[in-house]
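Chain by chain, the residues:
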Amino acid sequence: LGSVYGAVAEGIEDLVEDNDQLREILARVGGVELVDSFYASSLLILALIGTGFTIQSTLRARGEESAGRAAVVLATATSRASFGGSHLAVALAGSVLLLAAGGLGEGIGVVLSTGDVGELPRLVGASLAHLPAMWVLGGIAALVFGFAPRAVILVWGAFALCFFLAMFGELLDVPGWLTDVSPFSHIPDVPATDLTLAPLIALTLIA
C-alpha cells in the first residue's frame, strides 16, 4: 500500500489540477506543498491501519484468557504481569516495524518514480512520527484489559473515533475540542510541516 501511495504522489499535482476542493483539503493537512501534504495524509492512513494491529495484539491476551489457554500458562511460574507484558511488547515493537515498512514502501515508490533516493529516509522518519499516537491506543487497550476486560469493545470504539476524526474531521468542521481527543491530531503533519518533539514526547509518556 505504501509503495502505491509513493508511486502516485508525484502525479498529485495533475490529479488535483481541476479539483479545487481536493487541493484545499490536501493543503489543509499542514503544508502548501501538495506532494508533501499527500505524503502526510497517506502516512496517517497507514498509521491508522497499523493501529488496528497494535490494539489487536494487545488484546490477544484477553482472547487467550477467554479461551482458557492463559490459565495453563499462569499455572506455571509466569506472572500475570509477564503474561500481559509479553503481548504488549509484541504490540509496541510490531508497531515500529509496521510503520517503518509503510514508510519504506512509500519511499521505494517515490524512488522508483523520481529516482530521488533522499526521499527514502525522510519518509521512513515521517512515518515513525506516528508511533506515540499508536502507542497511546495500545496503552488504552492494556488499561481496559487490566481493569475492565469485559469492556474491551470500548477500545475499538476509541479507535473508530480516532479514524473518523482523522478522515473526516476537517471535512465536517468537527469542533477543535473533539478533534483534540484523538492522539493522532497532536502528531505534526510531517513531512508537510516541521517535526516538533514536544507532542511526541508527551504522547509517549501518556502511553
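A brief structural summary. Keep in mind that what you see is a predicted model, and the values were worked out from it rather than measured.

Reading guide: rules and limits
- Residues numbered from 1 in each chain as written.
- Predicted model: local features only at pLDDT ≥ 70, side-chain atom pairs only at ≥ 80, totals over all residues.
- Heavy atoms only, no water.
- Core = buried A, V, L, I, M, F, W, Y, C linked by side-chain atoms within 4.5 Å.
- Buried < 20%, exposed > 50% of the residue type's maximum accessible area, 1.4 Å probe, protein only.
- Helix = DSSP H or I, 4+ residues; strand = E, 2+ residues; numbered from the N terminus.
- Phe/Tyr/Trp six-rings, centres within 6.5 Å; stacked < 30°, edge-to-face > 60°.
- Expected span 1.5 Å × (residues − 1).
- Bend = angle between axes of the 7 residues up to and from the residue.
- Axes fitted to C-alpha atoms, helices over the stretch in contact; angles between N-to-C directions.
- Parallel < 35°, antiparallel > 145°, perpendicular 65-115°, else oblique.
- Left-handed = near helix turned anticlockwise from the far one by under 90°.
- Nonpolar A, V, L, I, M, F, W, Y, C, P; charged D, E, K, R; others polar.
- Salt bridge = Lys/Arg side-chain N within 4 Å of Asp/Glu carboxyl O.
- Contact = heavy atoms within 4.5 Å.

1. Points about the nonpolar core
With 34 residues, the main nonpolar core has Ile55, Leu59, Val155, Phe184 and Ile187 as its most contacted residues. When contributions to this core are tallied by element, the ones reaching two or more residues are α4 (34-66), α6 (80-114), α7 (119-128), α8 (131-147), α9 (153-168) and α11 (197-206). Counting residues per element, this core draws most heavily on α4, which supplies 10 residues.

2. Some remarks on the packing of aromatic side chains
Evaluated as defined, the whole model comprises three aromatic pairs. Pairing phenylalanine 164 with phenylalanine 168 gives two aromatic rings, centres 5.7 Å apart and planes at 45 degrees, and the pair type is tilted. One end of the pair, phenylalanine 164, and the other, phenylalanine 168, are both in helix α9, four residues apart, so they sit about a helical turn from each other. Among the residues examined, phenylalanine 164 registers a relative accessible area of 36% and is labelled partly exposed.

3. Examining α4
For α4, with 33 residues, the first-to-last C-alpha span of 48 Å sits near the 48 Å given by 1.5 Å per residue. The largest bend in α4 is about 35 degrees, located at leucine 59. Among the 33 residues that make up α4, 24 are buried, leaving the element largely enclosed by the rest of the structure. Two residues or fewer past α4, glycine 68 is found with a positive phi of approximately 85 degrees.

4. Details of the packing of α4 against α6
Between α4 and α6, whose axes approach to 9 Å, the crossing angle comes to 160 degrees. If you check the angle between α4 and α6, you find them roughly antiparallel. As for the relative orientation of α4 and α6, their crossing is right-handed in sense. Here the residues of the contact of α4 with α6 are counted per class, giving 13 nonpolar, 10 polar and five charged.

5. Here's the deal with the environment of leucine 97
Checked against the element boundaries, leucine 97 lands in helix α6. Assessed through its relative accessible area of 63%, leucine 97 is described here as exposed. As a C-alpha pair, leucine 97 and leucine 128 span 31 residues in sequence and 9.2 Å in three-dimensional space.

6. Structural notes on the pattern of salt bridges
All chains considered together, the criterion is met by two salt bridges. One salt bridge in this structure joins aspartate 36 and arginine 122, with 2.8 Å as the shortest N-O distance. On the criterion of sequence distance, the pair formed by aspartate 36 in helix α4 and arginine 122 in helix α7 is long-range, its members being 86 residues apart. Ionic pairing is found between arginine 122 and glutamate 119, a salt bridge with its closest N-O pair at 2.9 Å. Here the residue arginine 122 and the residue glutamate 119 both occupy positions in helix α7, the gap between them amounting to three residues, near one helical turn. Overlapping salt bridges bring together Asp36, Glu119 and Arg122 as one network.

7. Side note on the packing of α4 against α9
The interhelical angle for the contact between α4 and α9, taken along N-to-C directions, is 175 degrees, at an axis separation of 11 Å. Looking at the two axes, α4 sits roughly antiparallel to α9. Along the contact surface, α4 presents Leu44, Ile45, Leu48, Thr51, Gly52, Ile55, Gln56 and Leu59, while α9 presents Val155, Trp156, Phe159, Cys162, Phe163, Ala166 and Met167.

8. A word on the environment of threonine 54
Summarising the element assignment, threonine 54 is placed in helix α4. As a C-alpha pair, threonine 54 and leucine 92 span 38 residues in sequence and 6.7 Å in three-dimensional space. Excluding residues that lie within four positions of it along the chain, threonine 54 makes contacts with Ala91, Ser95, Met134 and Gly138.

Purely spatial values, then, with no claim about function.
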